Every structure is written in structure tokens, then in C-alpha cells.
Amino acid sequence: MRFLRQLSRHPRAKRVTLVAFAVVSAWALSGVVAASLFVRRQRAPFSEPPPPGFAPLRLRAADGVELGAWYAPATDARASVVLVHGNGSSRTQLEGDARELLSMGLDVLSVTLRAHGDSQGERNNLGLDARLDVIAAVTHLRVHQPQLAVLVYGKSLGAAAALFAAPSQGQQVSGYVLVAPFASLRLAVERRTQRYLPPGVDRIAYAALLFGGIFALPELDEIEPARAATQMVPDTPLLIFAGGADDRAPASDAHRIAATLCRAQVVVVPGADHDELALHTQTVSMQGRVLAFLDEVVPPVPSTRPP
């Protein structure tokens, strides 16, 4: 009260204080709004009809969220693979990768993660809850194709979900291929503000997002895929692709994830940005490494076809 009485005697000081209060309030509100939008579904659910050769499936995660999926069997399959997409994407955008994996002799279960595409869910906490989606897909393959080893192929958000799921999967998954994974959400958000905003403004925006995360994303510090990797079985086979020109999930993140895993390989694709790492386009640098990884993890099965 005394402070307010003093302000009333000094109109200029009162105006400065009110302006400062308004600026700080606007900063805090912008952080809460931006963080809330960050974890919301980006677009309304939309249909994802299966392309030729794929059959539609609906899976249900342990918390009841229903997920859209496609399944396609390979000829003389050597293993099965769960394919999961990046943030803001869906299985529809990964059809090319799905077909490449099929051509490598893998049965493909391509899943749209919660709060994306035709899957249920409105909240996207950047892979933490989506681990349940990966687990549901792995369980489906283990039940319906128990004779085949299961792999997980995840891109960006999908890679994070795969890593969060991995500690509970143990030997249920024979190996992981991760494309452009981020090491921690804090780092990922900081890099994105640096990417899109001028110096100085980026720090203000980053601080606002962290403040907003207290309300919109209280589990922020749990969203650290690199820490989840330390809880995996140490000899789990892991192949990680990082883009040489990726400033959102750079190679340093991949090396941090791989640090405690004795069978982890990091492949840096020269000149590739975050969104350019696609199995069906990076033919030389990615396809050959995936095939070699498959030969190490799940050797080819003899063909049952007549000569």
C-alpha cells in the first residue's frame, strides 16, 4: 500500500511501472499461449486411406487412445518393422520410406502417432506419451507375427517416442533405426527460436516458452530422449542418421544418444537438413547402411520361392 501511495505522488513513475507491468504480463501470456499451442494437435483429424498394397488397421494404446495404421507384408519377410513419423506429419507422408522398407524384406506396420493424422488425441507432448503408441504397435507385431524379429524405425518425433518406449521393451525389439532424433526438448526449443528469430529476441522468446511450459507442459524436463537411451539394454543395436546441415537435431544430439550404447552407430549425411533425411531419397547414404544394419541384426532368411 505504501508503494502504491508513493506511486500516486509521482505520475511518471506510475506510468513507467504500469508499462513495465504490461510488458512483463504480455511476455508471460505470450509464453503460456505459445507453449499451449506447441503441444496441441496442429490440424483436425483427416482421412488416411491406405495406398495400394497396404491394409488399414486400428490399434489401441494402453491408455485407450486409438491409432490409425497401415500394414503390408513383404515377400519372404526377414523381420517386421514399426514405422513412425515426425512432428506434424503422419504415416501418409512416409509412404516412400514404407515401400523402401518393404523392398528390404520387412513387413511394415506404419503408425500415425496420437494427435496426428487420423489417430485420436489432442495433446502432443513430443514423444513422451507417444511411447505408448510405439509399444502398442510392437505388441501387435509380436502377437500376429511371433516368428519374426521386430525393429522400430522412427523419424524425429517418432525417434523420440521409440527411445521413450525402449527401456520397457527390452528384447521385444531387436534394433532401432532413428532419423534426426533430438537429445532433449529444451535444446530443441532453444534451437528453433535461434533458427527463426534474430539474436536477443530469440532468448526472450525461449525464456517465455520455458515459463509457459510450467503450465502447458509440466513434464518438460522428462522429455529427454538422450536420458531414455541410458536406460536401454546397453548392447541394443542402434543405427542413427543425422543431417550434416541439420541445426534442429544436429549430429551432436545423435552422438549424445549413442554415448552409452555399445552397438550404436551414428551416420552423418553430408548436406542434409532435418526434413531431407528420407530413406527413399537418400539412396546411397541411407539405404546401404540400413541394409548392412539388417544383415547384422536379422540375417536374411532362405527364400521359399522355387528357383
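### Quick word on the overall build of the protein chain
Phase 1 of the analysis: Within the protein chain, the regular secondary structure consists of ten helices and eight strands.
Phase 2 of the analysis: For the protein chain, long-range pairs separated by at least 24 residues make up 76% of all intrachain contacts whose partners lie at least 6 apart in sequence.
Phase 3 of the analysis: Total accessible area computed for the protein chain in this model is approximately 14300 Å², and 60% of it derives from carbon and sulfur atoms.

### Some points on the sheet that holds strand E7 (residues 238–243)
Phase 1 of the analysis: Read from one edge to the other, the open sheet built from eight strands follows the order E1-E2-E4-E3-E5-E6-E7-E8, with strand pairing classed as mixed. Looking at which strands have only one partner, the edges of the open sheet turn out to be strand E1 (55–60) and strand E8 (264–269). Geometrically, the sheet is characterised by an average inter-axis angle of 20° between neighbouring strands, direction not taken into account.
Phase 2 of the analysis: Each of E1, strand E2 (66–72), strand E3 (79–84), strand E4 (106–111) and strand E5 (149–155) touches helix H4 (residues 131–144); the most contacted strand, E3, lies at about 160° to it.
Phase 3 of the analysis: Strands in contact with helix H9 (residues 251–258) are E7 and E8; relative to E7, the strand with the most contacts, it is inclined by about 165°.

### Some words on the pairing of E1
Phase 1 of the analysis: Note: E1 against E2, six bridges, orientation antiparallel. Across the sheet, Leu-57 pairs through a bridge with Ala-69, a residue of E2.
Phase 2 of the analysis: Adjacent in sequence and paired antiparallel, E1 and E2 are bridged by five residues, among which Gly-64 carries a positive phi angle near 95°.

### What to know about the environment of Phe-211
Phase 1 of the analysis: Considering the arrangement of structural elements, one finds Phe-211 in helix H7 (residues 201–216).
Phase 2 of the analysis: Along the chain, Phe-211 and Gly-31 lie 180 residues apart, while their C-alpha atoms are 6.2 Å from each other.

### Focus on the environment of Arg-203
Phase 1 of the analysis: In this fold, Arg-203 is placed in helix H7.
Phase 2 of the analysis: Between the C-alpha atoms of Arg-203 and Glu-190, which are 13 residues apart in sequence, the distance is 8.1 Å.
Phase 3 of the analysis: When near neighbours in sequence (up to four residues on either side) are disregarded, Arg-203 contacts Glu-190 and Gln-194.

### Describing the packing of aromatic side chains
Phase 1 of the analysis: Applying the stated rule across the entire model yields two aromatic pairs.
Phase 2 of the analysis: Sitting over the face of the ring of Phe-46, Arg-43 holds its NZ or CZ atom 3.9 Å from the ring centroid.

### Digging into helix H6 (residues 185–196)
Phase 1 of the analysis: Its twelve residues place the ends of H6 17 Å apart at the C-alpha level, agreeing with the 16 Å of an ideal helix rising 1.5 Å per residue.
Phase 2 of the analysis: For H6, the complete set of buried residues consists of Leu-185, Ala-188, Val-189, Glu-190, Arg-191 and Thr-193.

### A closer look at the nonpolar core
Phase 1 of the analysis: Counting 56 residues, the largest nonpolar core has Val-111, Tyr-176 and Leu-185 as the members making the most contacts within it.
Phase 2 of the analysis: Here this core takes nine residues from helix H5 (residues 157–169), the largest share from any one element.
Phase 3 of the analysis: Formed by 35 residues, the second largest nonpolar core is a distinct cluster that contains Trp-70, Ala-77, Val-179 and Ala-180.

### Some thoughts on the packing of H6 against H7
When two helices pack together, their arrangement is given by the angle between their axes and by how far apart the axes lie.
Phase 1 of the analysis: Direction vectors running N to C along H6 and H7 enclose 145°, while the axes themselves pass 9 Å from each other. In the crossing of H6 with H7, the sense of the turn from one axis to the other is right-handed. When H6 is examined against H7, the residues Arg-186, Val-189, Glu-190, Thr-193 and Gln-194 are found in contact with a partner set consisting of Asp-202, Arg-203, Ala-205, Tyr-206, Leu-209 and Leu-210.
Phase 2 of the analysis: Across the contact of H6 with H7, the residue classes break down as five nonpolar, two polar and four charged.

### Some words on a nonpolar patch on the surface
Phase 1 of the analysis: Taken together, the side chains of Leu-29, Val-33 and Leu-37 define a hydrophobic patch exposed on the protein surface, amounting to about 280 Å² of accessible area.
Phase 2 of the analysis: Structurally, the position occupied by Leu-37 is in helix H2 (residues 11–38).

### A few points about the pairing of strand E6 (residues 175–179)
Phase 1 of the analysis: With five of five residues buried, E6 is to be regarded as a mostly interior element.
Phase 2 of the analysis: In this structure, E5 lies alongside E6, joined through five bridges in parallel fashion. Each residue of the ladder has a partner; that of Tyr-153, found in E6, is Val-177.
Phase 3 of the analysis: As for the winding sense of the linkage, the β-α-β connection from E5 through H5 to E6 is right-handed.
Phase 4 of the analysis: Bridge count between E6 and E7: four bridges; the pairing is parallel. Of the residues in E7, the one forming a bridge with Val-179 is Phe-241.

Conventions and cut-offs
- Residues numbered from 1 in each chain as written.
- Predicted model: local features only at pLDDT ≥ 70, side-chain atom pairs only at ≥ 80, totals over all residues.
- Heavy atoms only, no water.
- Helix = DSSP H or I, 4+ residues; strand = E, 2+ residues; numbered from the N terminus.
- Contact = heavy atoms within 4.5 Å.
- Areas by Shrake-Rupley, 256 points an atom, 1.4 Å probe, with all protein chains shown as cover.
- Pairing = 2+ DSSP bridges.
- Axes fitted to C-alpha atoms, helices over the stretch in contact; angles between N-to-C directions.
- Phe/Tyr/Trp six-rings, centres within 6.5 Å; stacked < 30°, edge-to-face > 60°.
- Lys NZ or Arg CZ within 6 Å of the ring centre and 35° of its normal.
- Expected span 1.5 Å × (residues − 1).
- Buried < 20%, exposed > 50% of the residue type's maximum accessible area, 1.4 Å probe, protein only.
- Core = buried A, V, L, I, M, F, W, Y, C linked by side-chain atoms within 4.5 Å.
- Left-handed = near helix turned anticlockwise from the far one by under 90°.
- Nonpolar A, V, L, I, M, F, W, Y, C, P; charged D, E, K, R; others polar.
- Patch = residues over 30% accessible without salt bridge, like charges linked within 9 Å, V, L, I, M, F, W, Y side chains within 5 Å.
- Salt bridge = Lys/Arg side-chain N within 4 Å of Asp/Glu carboxyl O.
- Right-handed = clockwise from strand over helix to strand, strands pointing away.

The values are spatial; any link to function lies outside them.
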